Every structure is written in C-alpha cells, then in structure tokens.
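Reading the structure
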Amino acid sequence: MLASPAHRAAVAFARGGLLAIAALLAAPRVAALARSMPATAALGDLVAALLPVAAFAAAGAFGGASLGRGRAGVRGFALGGLASGLVMALVWPQLAGLTGREPLPVVVAFAVAGWAAAFGAGGGVAAWRIDRRAATALAGWFALGGAAGALLFVAPSLAQPLGAAGWPGPARLLLATATSVAGLLAPFAIGGAAAGRTLGLD
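**What about the overall build of the chain?**
- Secondary structure assignment for the chain yields 7 helices and 0 strands.
- Written out in order from the N terminus, the α and β elements of the chain read α-α-α-α-α-α-α.
- In terms of C-alpha radius of gyration, the chain reaches 17 Å, essentially the compact-globule figure of 17 Å for 202 residues.
- Buried residues in the chain amount to 43% of all 202 residues.
- Contacts in the chain between residues at least 24 apart in sequence constitute 77% of all its contacts with a sequence separation of at least 6.
- With an accessible surface of roughly 10200 Å², the chain has 71% of that area assigned to carbon and sulfur atoms.
- Seen as two clouds, the 13 positive and the 4 negative side-chain charges of the chain have centres 5 Å apart.

Given below as structure tokens:
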C-alpha cells in the first residue's frame, strides 16, 4: 500500500532533521577547530552560527522534495528551513549553555517560545512561498511541533523534581540522549506531516 502524503512527508522531514541535529551538535566543535588554526581563527564564531542555518535549509529542502511539488516545494521549504535555522541559531546556544541552576519555569517557557517561534516561522515562510492560503495553518502546526519538541528536550529538567537526580548515571544519560533526539526530531515530523496533508500531492 502506498504511503499517504502526510506519512511520506513526516518521514522525509524527520530524515532531513537528522542533518539539522548533527549540525547543531557539531557546530561548537567545528568552531573550536577553526579557532585552533591561525588561518581560520577569526572564522570560528561565524562557522558556529552559519553551520546550523545551512543545515536547517538543507533539511527543509529535503522535506520539501517529498511533497510532489517539484522545485517549488524544495525552494519553499529550503527558505523556510533557513528562517528556522536563523532563529534556532539564537535560541540553541542559550539552551546548550544552561547550568541547571536556572528556574525551571523560565527554562521551559524560553524553550517552548523559542522553538515554537523558530519552527512556526519556517512553516509559515515555506507555505507562503508555495500556497499562501496554507501559511497560517502550517505555521501553527510547525509551531506546535516546535513546542512539543521543546518540552521533550527539557524533559530531564522536568524529571528532576520526580527524583531523576538520584538515578544512576547511565540512566540519566539515556534519558537526556533520548529526549534530546526526540525533541529535535518532533518538530520536523509533526510539521512535515501537516505539510504533507496541506500541500502534498500524490
């Protein structure tokens, strides 16, 4: 049985999201490597900022290609991914630099608002380029995916009051890894499914 446009797009966007995840995680190390070499030392911060942005644009293009709209889908979601990447380039360093001493409500509110803004902007920009009638709905679905992803991402912090701080080290590492990956993939999958339902062609 052939997959529906929503299923096909959800899988494609999630696969593209793996590239975005890799770039977010790799950016600090790549930047540190650039700073360690005299010829590229001045480019370290620029690399750290641009690598995730480029990866988000590529992830959007990969997902957009699954919609059956040819170059319009690819270009629209590449531009949407670029918009998401620019916002995430501002939000991600703040979350990655958390010390664990910040008030939990502030962390959750910042993460949810930042991720919803990043992915909502991407979905809205992409839909505006492809079919303006779908822009508001798709921005909402991608924002919802961003909010869900943020809650998954901060789940280890939410689990602290429940006694997670006393769990064995491997269990805490497993929880942090699983929720981080799930949190980063959820917005792509949720938004991608909505894009497939709204804009996908059989």
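**Re helix 1 (residues 5-36)**
- With 32 residues, helix 1 ought to run about 46 Å at 1.5 Å a step, and its terminal C-alpha atoms sit 46 Å apart, in line with that.
- Of all the bends found along helix 1, the most pronounced is centred on Ala26 and spans about 45°, while Pro28, a proline, follows it within four residues.

**Here we look at the nonpolar core**
- If you look at the biggest cluster of nonpolar residues, it comprises 34 residues, and the most contacted ones within it are Phe77, Met88, Trp115 and Leu138.
- If you list the elements that add at least two residues to this core, you get helix 1, helix 2 (44-64), helix 3 (70-96), helix 4 (104-130), helix 5 (135-153) and helix 7 (169-199).
- No other element matches helix 4, which puts 9 residues into this core.

**Section: a nonpolar patch on the surface**
- A surface patch of nonpolar side chains, about 290 Å² in accessible area, is lined by Leu79, Leu82, Leu86 and Val125.
- At 3 residues, helix 3 tops the list of elements feeding residues into the nonpolar patch.
- Within the element layout of this structure, Leu86 appears in helix 3.
- Here Leu86 falls in the partly exposed class, since its relative accessible area comes to 48%.

**Focus: the packing of helix 1 against helix 2**
- Two elements in contact, helix 1 and helix 2, have axes separated by 8 Å at closest approach and are oriented at 170°. By the angle between their directions, the pair helix 1 and helix 2 is classed as roughly antiparallel. Once helix 1 is placed against helix 2, the crossing between them reads as right-handed.

**Examining the packing of helix 4 against helix 5**
- Relative to each other, helix 4 and helix 5 sit at 150°, their axes nearing to 6 Å. Taken as axis vectors, helix 4 and helix 5 run roughly antiparallel relative to one another. Handedness of the crossing formed by helix 4 with helix 5: right-handed. Counting all contacts with helix 4, which are made through Val108, Ala111, Val112, Trp115, Ala116, Phe119, Gly120, Gly123, Gly124, Ala127 and Trp128, the residues of helix 5 involved are Ala135, Leu138, Ala139, Phe142, Ala143, Gly146, Ala147, Gly149, Ala150, Leu151 and Phe153.
- Of the residues belonging to the contact of helix 4 with helix 5, the class tally is 17 nonpolar, 5 polar and no charged.

**Topic: the side chain of Ser66**
- When you line up the elements, Ser66 lands in the loop between helix 2 and helix 3.
- Setting aside residues no more than four positions away along its own chain, Ser66 makes contact with Arg8, Ala9, Ala12 and Phe13.

**Notes on the confidence of the model for the chain**
- Averaged over every residue, the pLDDT of the chain is 88; the share at 70 or more is 95%.
- Of all secondary-structure elements in the chain, the lowest mean pLDDT belongs to helix 6 (residues 155-159), at 80, while helix 5 reaches the highest, 95.

**Focus: the packing of aromatic side chains**
- A complete count under the given rule lists 8 aromatic pairs for this structure.
- An angle of 40° between the planes, with centres 6.2 Å apart, marks the rings of Phe77 and Phe142 as tilted. You can see Phe77 sitting in helix 3 and its partner Phe142 sitting in helix 5, a full 65 residues away along the chain. No difference in accessibility class separates Phe77 from Phe142, as the two residues are buried.
- The interplanar angle of 85° and the centroid separation of 5.3 Å between the aromatic rings of Phe119 and Phe188 together place this pair among those described as edge-to-face. In this pair, Phe119 sits in helix 4 while Phe188 sits in helix 7, placing the two residues 69 residues apart along the sequence. Here Phe119 matches Phe188 in class, with each residue buried.
- One aromatic cluster in this structure is built from Phe13, Phe77 and Phe142.

Rules used in this analysis
Residues numbered from 1 in each chain as written. Predicted model: local features only at pLDDT ≥ 70, side-chain atom pairs only at ≥ 80, totals over all residues. Heavy atoms only, no water. Helix = DSSP H or I, 4+ residues; strand = E, 2+ residues; numbered from the N terminus. Rg over C-alpha atoms; globule rule 2.2 N^0.38 Å. Buried < 20%, exposed > 50% of the residue type's maximum accessible area, 1.4 Å probe, protein only. Contact = heavy atoms within 4.5 Å. Areas by Shrake-Rupley, 256 points an atom, 1.4 Å probe, with all protein chains shown as cover. Lys, Arg positive; Asp, Glu negative; His and termini not counted. Charge placed at Lys NZ, Arg CZ, Asp CG, Glu CD. Expected span 1.5 Å × (residues − 1). Bend = angle between axes of the 7 residues up to and from the residue. Core = buried A, V, L, I, M, F, W, Y, C linked by side-chain atoms within 4.5 Å. Patch = residues over 30% accessible without salt bridge, like charges linked within 9 Å, V, L, I, M, F, W, Y side chains within 5 Å. Salt bridge = Lys/Arg side-chain N within 4 Å of Asp/Glu carboxyl O. Axes fitted to C-alpha atoms, helices over the stretch in contact; angles between N-to-C directions. Parallel < 35°, antiparallel > 145°, perpendicular 65-115°, else oblique. Left-handed = near helix turned anticlockwise from the far one by under 90°. Nonpolar A, V, L, I, M, F, W, Y, C, P; charged D, E, K, R; others polar. pLDDT = per-residue confidence, 0-100. Phe/Tyr/Trp six-rings, centres within 6.5 Å; stacked < 30°, edge-to-face > 60°.

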